[in-house]
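Spelled out, the chains give:
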Amino acid sequence: MSRSEPAQSRPEVPDDSRAAVLVQRLLAVGIDGRGPFDSAAEVARTARLRHPSTESAVHAVVRKHAKMVAASGFATGVGGLVTLPVALPVNVLGFYVLATRTVAAIAELRGYDTSRPEVRSAVLLTLVGSDATDVLRSAGLPTGGRVAALVSQRLPPAVLMFVNKGVGFRLLARIGASGLFRTSTRLVPVLGGAVGAGLDTLMLQRIAKHAEHGLPPVATAVGAA
């Protein structure tokens, strides 16, 4: 028996199922929380109590999560909370769980209700940056303006599911590319760990900037609609 046979005998999960499961985990863990991993609403509530203004609370949330993505061992700590029935790099998946919570906490602080399906889809769209335009276009939705424009609409569940799955496809591609990079850096563990931590911090900060721009305070978003 060849060493490759066990891998070949595993049933493959279709790409659309992988995307759907990924999105489900990001929403269930990154926004709603699971076990000791606090929900985005709880993170926002704690930040609001500790900081005098909304924006200082937003910046505190970003700083906290930037430190978390840079710290080693996060993925192992989350463990089964984000394990998918597909071959994905768990450490990269852990990054996107934290990124999801960062964006959702920013949304909560700025007056959005992350229990609403439209807000949850807007949070997911923020994770893919400029690719959000392509996702919205594929769903037949307006592509101009901020992501917050999605929140002002009452969209059918099927449309939101299409948007969410589109985000899932793009994240799967990014996770795959990141996984290959991280595997190569293991040849030089200390340097690879430092590079990985630095890149994760930069990526988290970039996503947070997208969120700060795309999800303005609710009064501003309504006034601009």
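Reading guide: rules and limits
Residues numbered from 1 in each chain as written. Predicted model: local features only at pLDDT ≥ 70, side-chain atom pairs only at ≥ 80, totals over all residues. Heavy atoms only, no water. Helix = DSSP H or I, 4+ residues; strand = E, 2+ residues; numbered from the N terminus. Buried < 20%, exposed > 50% of the residue type's maximum accessible area, 1.4 Å probe, protein only. Contact = heavy atoms within 4.5 Å. Areas by Shrake-Rupley, 256 points an atom, 1.4 Å probe, with all protein chains shown as cover. Expected span 1.5 Å × (residues − 1). pLDDT = per-residue confidence, 0-100. Salt bridge = Lys/Arg side-chain N within 4 Å of Asp/Glu carboxyl O. Phe/Tyr/Trp six-rings, centres within 6.5 Å; stacked < 30°, edge-to-face > 60°. Lys NZ or Arg CZ within 6 Å of the ring centre and 35° of its normal. Arc of directions from axis to C-beta. Core = buried A, V, L, I, M, F, W, Y, C linked by side-chain atoms within 4.5 Å. Axes fitted to C-alpha atoms, helices over the stretch in contact; angles between N-to-C directions. Parallel < 35°, antiparallel > 145°, perpendicular 65-115°, else oblique. Left-handed = near helix turned anticlockwise from the far one by under 90°. Polar contact = N/O pair within 3.5 Å; in protein donor to acceptor, adjacent residues only side chain to side chain.

A closer look at the overall build of the protein
Next up, step 1: Broken down by element type, the protein carries 11 helices and 0 strands.
Next up, step 2: Starting at the N terminus and ending at the C terminus, the protein contains elements arranged as α-α-α-α-α-α-α-α-α-α-α.
Next up, step 3: Across the 225 residues in the protein, those meeting the buried criterion constitute 46%.
Next up, step 4: At a minimum sequence separation of 6, the contacts of the protein that also span at least 24 residues come to 79%.
Next up, step 5: Surface accessibility of the protein: about 11500 Å² in total, with carbon and sulfur atoms responsible for 59%.

Considerations on the side chain of Glu 118
Next up, step 1: Along the chain, the position of Glu 118 falls in helix H7 (residues 117-127).
Next up, step 2: Not counting the four nearest positions on each side in its chain, Glu 118 is found in contact with Leu 150, Val 151, Gln 153, Arg 154, Leu 155 and Leu 160.

Let's talk about helix H4 (residues 54-70)
Next up, step 1: Relative to the 24 Å expected for 17 residues at 1.5 Å per residue, H4 spans 25 Å between its end C-alpha atoms, a close match to the ideal helical length.
Next up, step 2: Taken together, the buried positions of H4 are Ala 57, Val 58, Ala 60, Val 61, Val 62, His 65, Ala 66 and Val 69.

Comments concerning the confidence of the model for the protein
Next up, step 1: With 72% of its residues at a pLDDT of at least 70, the protein reaches an overall mean of 79.
Next up, step 2: Per-residue pLDDT stays below 50 along residues 1-14; that stretch engages in 3 contacts with residues further than four places along the chain or on separate chains.
Next up, step 3: Across residues 179-193, where pLDDT falls below 50, the model places 8 contacts with residues more than four positions away in sequence or in other chains.

A short note on the pattern of salt bridges
Pairs may arise between side chains of opposite charge once their charged atoms sit close together.
Next up, step 1: Per the stated rule, a full pass over the model turns up 5 salt bridges.
Next up, step 2: The partner of Arg 116 in a salt bridge is Glu 118, with the nearest N and O atoms 3.1 Å apart. One exposure class covers both Arg 116 and Glu 118, and it is buried.
Next up, step 3: For Arg 137, the salt bridge identified is with Asp 134, shortest N-O distance 3.0 Å. With Arg 137 and Asp 134 both in helix H8 (residues 132-138) and 3 residues apart, this pair spans about one turn of that helix.

Thoughts on the packing of aromatic side chains
Next up, step 1: Following the criterion strictly, the structure yields 1 aromatic pair and no others.
Next up, step 2: The side chain of Arg 101 reaches across the aromatic face of Phe 37, ending 4.1 Å from its centre.

Things to note about helix H3 (residues 40-50)
Next up, step 1: For H3, every residue scored as buried is listed here: Ala 40, Val 43, Ala 44 and Ala 47. Along the long axis of H3, the arc covered by the buried residues comes to 95°, so they all point the same way.

A closer look at the nonpolar core
Next up, step 1: Residues Leu 26, Tyr 96, Leu 125, Leu 127 and Leu 171 are the most contacted members of the largest nonpolar core, which totals 59 residues.
Next up, step 2: Beyond its immediate stretch of four places on either side in the chain, Tyr 96 contacts Leu 26, Leu 171, Arg 174, Ile 175, Met 203 and Ile 207.

Quick notes on the packing of H3 against H4
Next up, step 1: In the contact formed by H3 and H4, the axes pass within 9 Å of each other and the chain directions differ by 120°. On the basis of their axis angle, the class for H3 and H4 is oblique. Taken as a pair, H3 and H4 cross one another with a handedness that is right-handed. Residues Val 43, Ala 47 and Arg 48 of H3 pack against Ala 57, Val 61 and His 65 of H4.

Some remarks on the side chain of Thr 102
Next up, step 1: Within the secondary structure, Thr 102 is located in helix H6 (residues 90-109).
Next up, step 2: Judged by its relative accessible area of 1%, Thr 102 is buried.
Next up, step 3: There is a polar contact of 2.8 Å between the side chain of Thr 102 and the backbone oxygen of Leu 98.
Next up, step 4: Those residues within four positions of Thr 102 in sequence are excluded, and the remaining contacts are Val 61, Val 62, His 65 and Leu 204.

Overview of the environment of Leu 93
Next up, step 1: With respect to the secondary-structure elements, Leu 93 resides in helix H6.
Next up, step 2: With 71 residues separating them along the chain, Leu 93 and Leu 22 place their C-alpha atoms 8.7 Å apart.

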